[in-house]
Amino acid sequence: MGIRYSKVEGKFQREIVLLKSFPCAYGKCSFCNYIEDNSNNEEEINEVNLKVLKEITGEFEVLEVINSGSVFEIPKKTLEQIREVVYEKDIKILYFEIFYSYLSRLDEIITYFNEKKKVEIRFRTGIESFDNDFRRNVYKKNILLDEKKIKELSEKIYSVCLLIATQGQTKEMIKNDIEIGLKYFKAITINVFVDNGTVVKRDAELVKWFVQDMKHLFDNDRVEILIDNKDLGVYEQ
């Protein structure tokens, strides 16, 4: 079953839970095997999730919910329980994942979780790269961005996830992605790709370069770097 609850220490300290959900609305990203954790069995989803949510203590007053998709694919019963836990444990900051197509619906989540208490909702989204050609043709994430759209996105999204060290990328592409991410967003998460059985493959030379030549990023308070896909402590086996 893997590990679905963990605590993240350090500059981004928080509790984090990996929940089950309905299938990702998009589900076409070439690098993603997380969607194998999704299900159409609502009873099974809620059974797993409600058990995981009992582990939350509220010690950091910050909770991140990830679910191999978007918050909008989490069943109502699970959402109700998340809100109950957030209120009970006095969670002040709550992170959720969303897919780009849900941008117009974010107020639904903000309103829902602020019904009885003030909770800061921070949304993350996986952009993977700001290079349109690479994101669309290699990562198969069919989002077209220009500077105007990036600015609009930054007004609604707290942080973006970037996927680096994949075959076909260059050092210049990675540097540019990081520069854009830091220019427009409050925080970025850099995911160093780990081979996972998909068609996308890891570039070991880019990993070595990133760790050696871009090591200053590890001390940046706005950058979270995940060298391994288990670094957050939650994963589905």
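The name given to the protein in an unreviewed UniProt entry is Radical SAM protein, with Fusobacterium pseudoperiodonticum as the source organism.

Scanning the protein for helices and strands turns up 7 helices and 8 strands. Taking 237 residues into account, the globule formula puts the C-alpha radius of gyration at 18 Å, and the protein, at 17 Å, falls close to it. If you line up the protein on its principal axes, its C-alpha atoms span 45 × 35 × 30 Å. Within the protein, the proportion of its 237 residues that are buried is 53%. Within the protein, residue pairs in contact and separated by at least 24 positions form 77% of the contacts whose partners lie at least 6 positions apart. Summing over all exposed atoms, the protein offers an accessible surface of approximately 11800 Å²; the carbon and sulfur share of this is 47%. Taking the average location of the 37 positive side-chain charges in the protein and that of its 42 negative ones, the two points are 2 Å from each other.

Turning next to the side chain of N38. With respect to the helices and strands, N38 occurs in the loop between β2 (14-18) and α1 (42-53). Of the polar contacts made by the side chain of N38, one reaches the side chain of S21; its length is 3.4 Å. Among the polar contacts made by the side chain of N38, one reaches the main-chain carbonyl oxygen of S68 at a distance of 3.4 Å.

Adjacent strands of a sheet pair through backbone hydrogen bonds, lying either parallel or antiparallel. Within the open sheet, the 8 strands sit side by side as β1-β2-β3-β4-β5-β6-β7-β8. Their pairing is mixed. Across the chains shown, the open sheet's two edge strands, defined by having one partner strand only, are β1 (5-8) and β8 (223-226). The average undirected angle you get between the axes of adjacent strands in this sheet is 20°. Taken strand by strand, helix α3 (residues 106-113) contacts β4 (93-97) and β5 (120-128), and its axis lies near 150° from that of β5.

A word on the pairing of strand β7 (residues 187-192). Of all 6 residues in β7, 5 are buried, a share of seventy percent or more. In this fold, the crossover linking strand β6 (residues 159-164) to β7 by way of helix α6 (residues 171-184) has right-handed handedness. Here β7 runs beside β8; their pairing, made up of 4 bridges, is parallel. Across the sheet, residue I190 finds its bridge partner in β8, namely I225. The handedness of the β7 to β8 crossover, carried by helix α7 (residues 204-213), is right-handed.

Attention now goes to the pattern of salt bridges. As enumerated under the stated definition, the model contains 15 salt bridges in all. Where K7 meets E59, a salt bridge forms, and the shortest distance between an N and an O atom there is 2.3 Å. Taken together, the residues span a long stretch of sequence, with K7 in strand β1 and E59 in the loop between α1 and β3 (62-66) at a distance of 52 residues. The class for K7 is partly exposed, based on a relative accessible area of 36%.

Looking now at α6. For α6, which comprises 14 residues, the first-to-last C-alpha distance of 20 Å matches the rise-based estimate of 20 Å (1.5 Å per residue) to within 8%. If you check which residues of α6 are buried, you get M173, I174, D177, I178, I180, G181, L182 and Y184.

Summarising burial for β3: 5 of the 5 residues are buried, a large majority. Of the two faces of β3, the one holding V62, E64 and I66 and the one holding L63 and V65 are both buried throughout. In this sheet, β3 lies alongside β2 in parallel orientation, the contact comprising 4 bridges. Looking at the pairing, E15 lines up with L63 of β3. Read as a crossover between parallel neighbours, the route from β2 over α1 to β3 is right-handed. By the bridge criterion, 4 bridges tie β3 to β4 in an arrangement that is parallel. Bridge assignment links V62 to a residue of β4, and that residue is I93. As a crossover connection, the stretch from β3 through helix α2 (residues 76-88) into β4 is right-handed.

Calculation rules
Residues numbered from 1 in each chain as written. Predicted model: local features only at pLDDT ≥ 70, side-chain atom pairs only at ≥ 80, totals over all residues. Heavy atoms only, no water. Helix = DSSP H or I, 4+ residues; strand = E, 2+ residues; numbered from the N terminus. Rg over C-alpha atoms; globule rule 2.2 N^0.38 Å. Buried < 20%, exposed > 50% of the residue type's maximum accessible area, 1.4 Å probe, protein only. Contact = heavy atoms within 4.5 Å. Areas by Shrake-Rupley, 256 points an atom, 1.4 Å probe, with all protein chains shown as cover. Lys, Arg positive; Asp, Glu negative; His and termini not counted. Charge placed at Lys NZ, Arg CZ, Asp CG, Glu CD. Polar contact = N/O pair within 3.5 Å; in protein donor to acceptor, adjacent residues only side chain to side chain. Pairing = 2+ DSSP bridges. Axes fitted to C-alpha atoms, helices over the stretch in contact; angles between N-to-C directions. Right-handed = clockwise from strand over helix to strand, strands pointing away. Salt bridge = Lys/Arg side-chain N within 4 Å of Asp/Glu carboxyl O. Expected span 1.5 Å × (residues − 1).

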